[in-house]
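Architecture at a glance
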Amino acid sequence: MKRLVFLLCTAALPVWAGETWDELSEALYGDRALLDGSDMIAIDAPYRTQNDSRTQVAAMIHAPDGLSLGSVTLVLDENPMPVSAVFALDTPQPSFFFDVTMRVNGPTPLHVVAETTDGRLWVAEGHVKTSGQGACAAPPGTDPKLALETLGRMDLEVTELLPGSAGDRLAALANRNKRLDVDIQHPSHSGMQMDQISLLYIPMRYVEDVQIDLDGAGYVDVTGSISLSENPRLGMSVPGKTRSVDVTMTDTDGTVTKAHKDIAGF
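First, a word on scope: everything that follows refers to the structure included in this document. (Residues numbered from 1 in each chain as written. Predicted model: local features only at pLDDT ≥ 70, side-chain atom pairs only at ≥ 80, totals over all residues. Heavy atoms only, no water.)

Tallied over the full model, the rule gives two aromatic pairs. Both rings, one in Phe87 and one in Phe96, keep their centres 5.5 Å apart while their planes meet at 55°; by these two values the pair is tilted. Residue classification places Phe87 among the buried residues on the basis of a relative accessible area of 0%. Using a relative accessible area of 0% as the deciding quantity, one classes Phe96 as buried. (Phe/Tyr/Trp six-rings, centres within 6.5 Å; stacked < 30°, edge-to-face > 60°. Buried < 20%, exposed > 50% of the residue type's maximum accessible area, 1.4 Å probe, protein only.)

Shown next as structure tokens:
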């Protein structure tokens, strides 16, 4: 999959039709119409981050009746790499949930764009304020050399229900959805961080691709970016009938690691 758009954003913070989003949407989608998806996309992001370097951003997306979701894109408009995560569904789904830990470099609007199988694009907007830590340039939380020892190790967890309100839980029961969490050991170096001893910049290295297969068949291909937090957690919905999960992680240095989990039946 192609590398994500990398922009150094210096414009003032936009609103819904602000300058940065206008430029991003044109670069990503050209003259394709972006339809109001506020009725089908529910974004869960903090009003203000407690930890800029590890901020949970989640969304629940339901396709309109008769359609399915082909891809979902998370854009943090003012991050150095705005296109922060792309979920390309190998098997289109009527609904999809994601919950990812992100670096949020500064106050920013965020957009979730869903493409349905009829080729239409739907967008919803949120906003996150930060504490001003400048997360993309913040020093790593672990020694870079020590981080290499466990780089690529993954832990998989499957739970029965998606989080949320009672209504969401009932919907999950009806759809028999489960939640998959993939915890990845990776320093996610942004290329903007300085080694505190040598005072040299640490080369960029991040989780570029996470391929998730269910029961031996492709389910979703996740394209990452420097917006993913150190040791990122990727959470997402999976069909309740799933009995096995295989995950393949590839980073920008070409390191490939794999993890497998069998899921008990009823």
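Attention shifts here to helix H1 (residues 19-29). Inspection of H1 places Thr20, Trp21, Leu24, Ser25 and Tyr29 among the buried residues, and these make up the whole buried set. Projected down its long axis, H1 shows its buried positions confined to an angular sector of 120°, all on one face. Pointing more than 90 degrees away from the buried face of H1 are the exposed residues Glu26 and Ala27. Summarising the contacts, the buried residues of H1 are in contact with strand S1 (34-36), strand S4 (69-76), strand S7 (108-116) and strand S8 (121-128). Phi for Gly30, located one or two positions after H1, is positive at around 60°. (Helix = DSSP H or I, 4+ residues; strand = E, 2+ residues; numbered from the N terminus. Arc of directions from axis to C-beta. Contact = heavy atoms within 4.5 Å.)

Before going further, it helps to examine the environment of Met204. Assignment of secondary structure puts Met204 in the loop between strand S10 (177-184) and strand S11 (207-214). With 48 residues separating them along the chain, Met204 and Thr252 place their C-alpha atoms 8.1 Å apart.

Strands pair in a sheet through their backbones, by hydrogen bonds, and they do so in one of two ways: parallel or antiparallel. Taken in spatial order, the nine strands of this open sheet run S1-S8-S7-S4-S5-S12-S11-S14-S15, and their pairing is mixed. Each edge of the open sheet carries a strand with a single partner, namely S1 and strand S15 (256-262). When the angles between neighbouring strand axes are averaged without regard to direction, this sheet yields 20°. In the sheet, strand S14 (residues 244-251) pairs with S15 via seven bridges, with the strands oriented antiparallel. Residue pairing in the sheet places Ser244 in a bridge with Asp262 of S15. Set on the sheet, H1 makes contact with S1, S4, strand S5 (83-93), S7 and S8; between it and S4 the angle comes to about 145°. (Pairing = 2+ DSSP bridges. Axes fitted to C-alpha atoms, helices over the stretch in contact; angles between N-to-C directions.)

On to the nonpolar core. In this structure, Ile61, Phe87, Phe98, Ile212 and Met236 are the most contacted members of the largest nonpolar core, which totals 46 residues. Apart from residues no more than four positions distant in its own chain, Phe98 is found in contact with Val57, Ala58, Ala59, Ile61, Val72, Leu74, Phe87, Val112, Gly235 and Met236. Of all hydrophobic cores here, the second largest spans seven residues; its members include Leu24, Val75, Val113 and Val123. (Core = buried A, V, L, I, M, F, W, Y, C linked by side-chain atoms within 4.5 Å.)

Within this structure, the stated rule accounts for nine salt bridges. A salt bridge links Arg120 to Asp118, with the nearest nitrogen and oxygen atoms 2.7 Å apart. With its nearest N and O atoms 3.5 Å apart, the salt bridge here joins Asp253 to Arg205. Of this pair, Asp253 sits in the loop between S14 and S15 while Arg205 is found in the loop between S10 and S11, placing the two residues 48 residues apart along the sequence. Under the relative-accessibility criterion, Arg205 is labelled buried at 15%. Here the salt bridges share partners, and the residues they tie into one network are Asp99, Glu157, Arg179, Asp181, Asp183 and Arg233. (Salt bridge = Lys/Arg side-chain N within 4 Å of Asp/Glu carboxyl O.)

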